[in-house]
Amino acid sequence: MKKIVVLLILSTIFISCKSGSSAVSKSESKRENKYVVKNLIETATDKIGVRYKAGGTNKSGYDCSGLVFSSFQSENITLPRSSFEQSKVGKIIKFNDAQKGDLIFFKTNKSKQINHVGLITEANSAEIKFVHSSTAKGVIISSTKEPYYQNSFVQINRVIE
């Protein structure tokens, strides 16, 4: 996030020095956000195969929120550490509006509150695929078409506009 802010500030400074120019365009910031999302997904999917570790945030093991936390940290974006707290960040969006880079949340094992998170890698109106760390298989990609995730789905949050 700091990189984005610095780039936007520098762009604004240089653009505003030109006579008659306006601030950074929406298309420029959208391009920058696309780059951030691409990097987030790449960072998280590079961890596929790493084992599950409760409280884990590094290559020796990840829990679900640790994978999301460390992936965002790699882009200098600080998120809360737990999936429940992460679910309070950004804007809640509809399933059909989900995009790559959004966070997807679940209540698993009959939990009364959100206790699982993944990072969306693919999305269309029929299915969402997401990278996450499962207790049984470690870091993997799963789908909302799987009954387990269909039954425990709660919400999707957009952190990067």
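Bringing the pairing of strand 6 (residues 128–134) into the picture now. Extensive coverage of strand 6 is indicated by the burial of six of its seven residues. Note: strand 5 (residues 116–123) against strand 6, four bridges, orientation antiparallel. Considered in strand 6, the bridge of Ala123 is made with Ile128. Count of turn residues in the strand 5/strand 6 antiparallel hairpin: four residues.

Side chains carrying opposite charge are able to pair once their charged atoms draw close together. Going through the model one piece at a time under the given rule, you end up with five salt bridges. With its nearest N and O atoms 3.3 Å apart, the salt bridge here joins Glu85 to Lys88. Using a relative accessible area of 33% as the deciding quantity, one classes Glu85 as partly exposed. Lys88 sits in the exposed class, given a relative accessible area of 51%. A salt bridge links Asp102 to Arg158, with the nearest nitrogen and oxygen atoms 2.9 Å apart. With a gap of 56 residues between them, Asp102 in the loop between strand 3 (91–93) and strand 4 (103–106) and Arg158 in strand 8 (residues 153–158) connect regions that are remote in the sequence. You'll find Asp102 and Arg158 in the same group, each marked buried.

Glancing now at the packing of aromatic side chains. Under the definition given, this model contains six aromatic pairs. Judged by centre distance (5.2 Å) and plane angle (85 degrees), the rings of Phe130 and Tyr149 are edge-to-face. With Phe130 in strand 6 and Tyr149 in helix 5 (residues 147–152), the pair connects residues that are 19 residues apart, well separated along the chain. Overall, Phe130 belongs to the buried group, its relative accessible area being 0%. Between Tyr148 and Tyr149 the ring centres are 5.0 Å apart and the planes differ by 90 degrees, which places this aromatic pair in the edge-to-face class. Residue classification places Tyr148 among the partly exposed positions, given a relative accessible area of 42%. Put simply, the rings of Phe95, Phe106, Phe130, Tyr148, Tyr149 and Phe153 pair up and form one aromatic cluster.

This brings us to unusual backbone geometry. One non-glycine residue, Asn109, lies in the positive phi region at around 50 degrees. Within the fold, Asn109 resides in the loop between strand 4 and strand 5. Assessed through its relative accessible area of 65%, Asn109 is described here as exposed. With a phi close to 60 degrees, Lys110 is a non-glycine residue in the positive phi region. Position of Lys110 relative to the elements: it lies in the loop between strand 4 and strand 5.

The rules behind each value
- Residues numbered from 1 in each chain as written.
- Predicted model: local features only at pLDDT ≥ 70, side-chain atom pairs only at ≥ 80, totals over all residues.
- Heavy atoms only, no water.
- Buried < 20%, exposed > 50% of the residue type's maximum accessible area, 1.4 Å probe, protein only.
- Helix = DSSP H or I, 4+ residues; strand = E, 2+ residues; numbered from the N terminus.
- Pairing = 2+ DSSP bridges.
- Salt bridge = Lys/Arg side-chain N within 4 Å of Asp/Glu carboxyl O.
- Phe/Tyr/Trp six-rings, centres within 6.5 Å; stacked < 30°, edge-to-face > 60°.

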